[in-house]
Protein chains: 2
Amino acid sequence: MFVLGVDPGLSRCGYGVVTRRGGGLAAVAGGVVTTPPDAALPDRLATLAVELRALLAEYRPGAVVIERVFFQVNAKTAMATGQAAGVALLAAAEAGCEVAQYTANEVKQALVGYGSATKEQVQRMVASVLGLDAPPRPPDVADALALAACHLTTQPLRRAVAAATGASR
Amino acid sequence: MFVLGVDPGLSRCGYGVVTRRGGGLAAVAGGVVTTPPDAALPDRLATLAVELRALLAEYRPGAVVIERVFFQVNAKTAMATGQAAGVALLAAAEAGCEVAQYTANEVKQALVGYGSATKEQVQRMVASVLGLDAPPRPPDVADALALAACHLTTQPLRRAVAAATGASR
């Protein structure tokens, strides 16, 4: 199963595809969808939707993992991030994918073991978990791969909890 | 030409359709799209997209006017509003509509004449501008109709400015 991680953003939206391979995890693809800052907002969101739908069609991920964003200092950026996240959530739902969301702290907790890890620590751990020689670049791609890796890493635990509690997930 | 106003929200998304009629403005339709709070976020956004696309197909508006939202006190609500606005902006762009955005203050300025007008003043002015006996209910619908009315009211001014400056809009 492929898992598509998405680090939502309007100017830059990172994505990364991760799968299980040989008892571990492996990166399948990664990149950044960019939209031109001088284009109109609706057109930028439409471009993002087209690109995300193309990724969903190409990789047919079993799950899409989108960062759960909280409000940042810059209100304008935060609203654009929310709008981009809305488009990503919609595209994933319309593709019939399971959708999961984690905060940056949950990703840190899952990959590094504590929620206050630095970005550099997370990036080194992403490289380690995915068997890469160096942290993926640019950082948007590393963040997206980290989301997908977080989902796959914590999946056995979620399944065990679900089985123990009789829940469906 | 019909103008569709959208007051974006995830739990409640108000809409209103306004057109020119007999030298004034008239309300054509209004309502609220709701999504169940206990449903998963991606499914709620998908429901909102389906409903908005149905409205766009039914009324074929020449312009869609979506409130430009700034950050509110409640960060969780603000993110949901941003996501809903993203879905509305995307639906409008994909329907090939002209999209305009106004802040609540810009709507107040256009309809009442000053940006610090109360909600009640705006609602009474919406009723007056649209020739209604009473302010439209619920308030989400009044807000959506106000956005559409604001766009049509300020259109002659925008056209004059565009003509004077040689701009395309």
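This text follows the structure it describes.
Nothing here was measured: the structure is a model prediction, and the numbers come from that model.

### Some points on the overall build of chain A
The helix and strand inventory of chain A stands at five helices and five strands. Written out in order from the N terminus, the α and β elements of chain A read β-β-β-α-β-α-β-α-α-α. Taking 15 Å as the expected radius of gyration for a compact globule of 169 residues, we find that chain A reaches 16 Å, a close match to that expectation. With the principal axes as the frame, chain A shows a C-alpha extent of 50 × 35 × 30 Å. Counting over 169 residues, chain A shows a buried share of 52%. Taking all contacts inside chain A whose residues are at least 6 apart in sequence as the whole, residues at least 24 apart take part in 62%. Approximately 7,700 Å² of chain A is accessible, and the part contributed by carbon and sulfur atoms is 54%. For chain A, the distance from the average site of its 15 positive side-chain charges to the average site of its 13 negative ones is 6 Å.

### Section: the environment of aspartate 7 of chain A
Residues and elements named next belong to chain A. Take aspartate 7: it is sitting in strand 1 (residues 2-7). Here the alpha-carbon distance between aspartate 7 and glycine 166, two residues 159 residues apart in the chain, equals 32 Å. Apart from residues lying up to four places away in sequence, aspartate 7 is in contact with Arg12, Cys13, Gly14, Glu67, Asp140, Asp143, Ala144 and Leu147.

### Remarks on the relation of the copies chain A and chain B
The two copies are related by a screw operation: chain A maps onto chain B through 180° of rotation and 0.0 Å of translation along the axis, at an RMSD of 0.0 Å. Such a combination of rotation and displacement between the chain copies is what one expects of a two-fold axis.

### With respect to the nonpolar core
Core analysis: the biggest nonpolar cluster contains 58 residues, and Val64 of chain A together with Val64 of chain B have the highest contact counts within it. Residues contacting valine 64 of chain B, with those up to four places away along its chain left out, are Leu4, Val6, Leu56, Ala92, Cys97, Glu98, Val99 and Ala100 of chain B.

### Concerning the pattern of salt bridges
Close approach of charged atoms lets side chains of opposite charge pair. Residue and element names in this part refer to chain B. The full count for this structure, using the stated rule, is six salt bridges over all chains. Between lysine 119 and aspartate 143 there is a salt bridge, with the nearest N and O atoms lying 3.0 Å from each other. Linking lysine 119 in helix 4 (residues 119-129) with aspartate 143 in helix 5 (residues 139-165), this pair joins segments that are 24 residues apart in sequence. On the basis of relative accessible area, aspartate 143 is assigned to the buried category, the value being 16%.

### As for the environment of threonine 47 of chain A
Tracing the backbone through its elements, the reader meets threonine 47 of chain A in helix 1 (residues 41-59). It is 8.8 Å that separates the C-alpha atoms of threonine 47 of chain A and threonine 34 of chain A, two residues lying 13 residues apart in sequence.

### Some points on the interface of chain A and chain B
Every contact between the two is made by 23 residues of chain A and, on the other side, 23 residues of chain B. In total, about 1,900 Å² of surface goes out of reach between chain A and chain B, with carbon and sulfur atoms giving 79% of it. Counting across the chain A and chain B interface gives two salt bridges. Ionic pairing is found between glutamate 94 of chain B and arginine 53 of chain A, a salt bridge with its closest N-O pair at 2.9 Å. Looking at the side of chain A that touches chain B, the elements that each hand over two or more residues are helix 1, helix 2 (75-94) and strand 5 (98-102) of chain A. Here the element with the most residues in the side of chain A that touches chain B is helix 2 of chain A; it accounts for 12 residues. Classifying every residue of the side of chain A that touches chain B by side-chain character gives 16 nonpolar, four polar and three charged.

### Concerning the sheet that holds strand 1 (residues 2-7) of chain B
All names here are of chain B. One open sheet accounts for five strands, arranged 3-2-1-4-5; its pairing is mixed. The open sheet terminates on both sides in strands that have one partner only, identified here as strand 3 (24-34) and strand 5 (98-102). Adjacent strand axes in the sheet meet at a mean angle of 20° when their direction is disregarded. Bridge count between strand 1 and strand 4 (residues 63-67): four bridges; the pairing is parallel. The partner of valine 3 across the bridge, within strand 4, is alanine 63. The strands touched by helix 1 (residues 41-59) are strand 1, strand 2 (12-21), strand 3 and strand 4; relative to strand 3, the strand with the most contacts, the crossing angle is about 155°. In the packing of helix 5 onto the sheet, the strands contacted are strand 1, strand 2, strand 3, strand 4 and strand 5, and the crossing angle to strand 2 comes to about 40°.

### Thoughts on the sheet that holds strand 1 of chain A
Sheet strands associate in pairs through backbone hydrogen bonding, adopting either a parallel or an antiparallel arrangement. Residue and element names in this part refer to chain A. The sheet built from five strands is open, its strands ordered 3-2-1-4-5 with mixed pairing. Strand pairing shows two members of the sheet lacking a second neighbour, strand 3 (24-34) and strand 5, which therefore form its edges. Between one strand axis and the next, the sheet turns through 20° on average, direction left out of account.

### So, the state of the cysteines
All names here are of chain A. On inspection of all chains with the given rule, the structure shows zero disulfides over all chains. In this structure cysteine 97 is not part of a disulfide, and its nearest cysteine sulfur, from cysteine 13, lies 15 Å away. A disulfide-free cysteine, cysteine 150 has its sulfur positioned 17 Å from the sulfur of cysteine 13, the nearest such atom.

Cut-offs applied
- Residues numbered from 1 in each chain as written.
- Chains lettered and ligands numbered in written order.
- Predicted model: local features only at pLDDT ≥ 70, side-chain atom pairs only at ≥ 80, totals over all residues.
- Heavy atoms only, no water.
- Helix = DSSP H or I, 4+ residues; strand = E, 2+ residues; numbered from the N terminus.
- Rg over C-alpha atoms; globule rule 2.2 N^0.38 Å.
- Buried < 20%, exposed > 50% of the residue type's maximum accessible area, 1.4 Å probe, protein only.
- Contact = heavy atoms within 4.5 Å.
- Areas by Shrake-Rupley, 256 points an atom, 1.4 Å probe, with all protein chains shown as cover.
- Lys, Arg positive; Asp, Glu negative; His and termini not counted.
- Charge placed at Lys NZ, Arg CZ, Asp CG, Glu CD.
- Least-squares fit on C-alpha atoms with pLDDT ≥ 70 in both.
- Core = buried A, V, L, I, M, F, W, Y, C linked by side-chain atoms within 4.5 Å.
- Salt bridge = Lys/Arg side-chain N within 4 Å of Asp/Glu carboxyl O.
- Buried area = accessible area lost by both parts, 1.4 Å probe.
- Nonpolar A, V, L, I, M, F, W, Y, C, P; charged D, E, K, R; others polar.
- Pairing = 2+ DSSP bridges.
- Axes fitted to C-alpha atoms, helices over the stretch in contact; angles between N-to-C directions.
- Disulfide = S-S within 2.5 Å.

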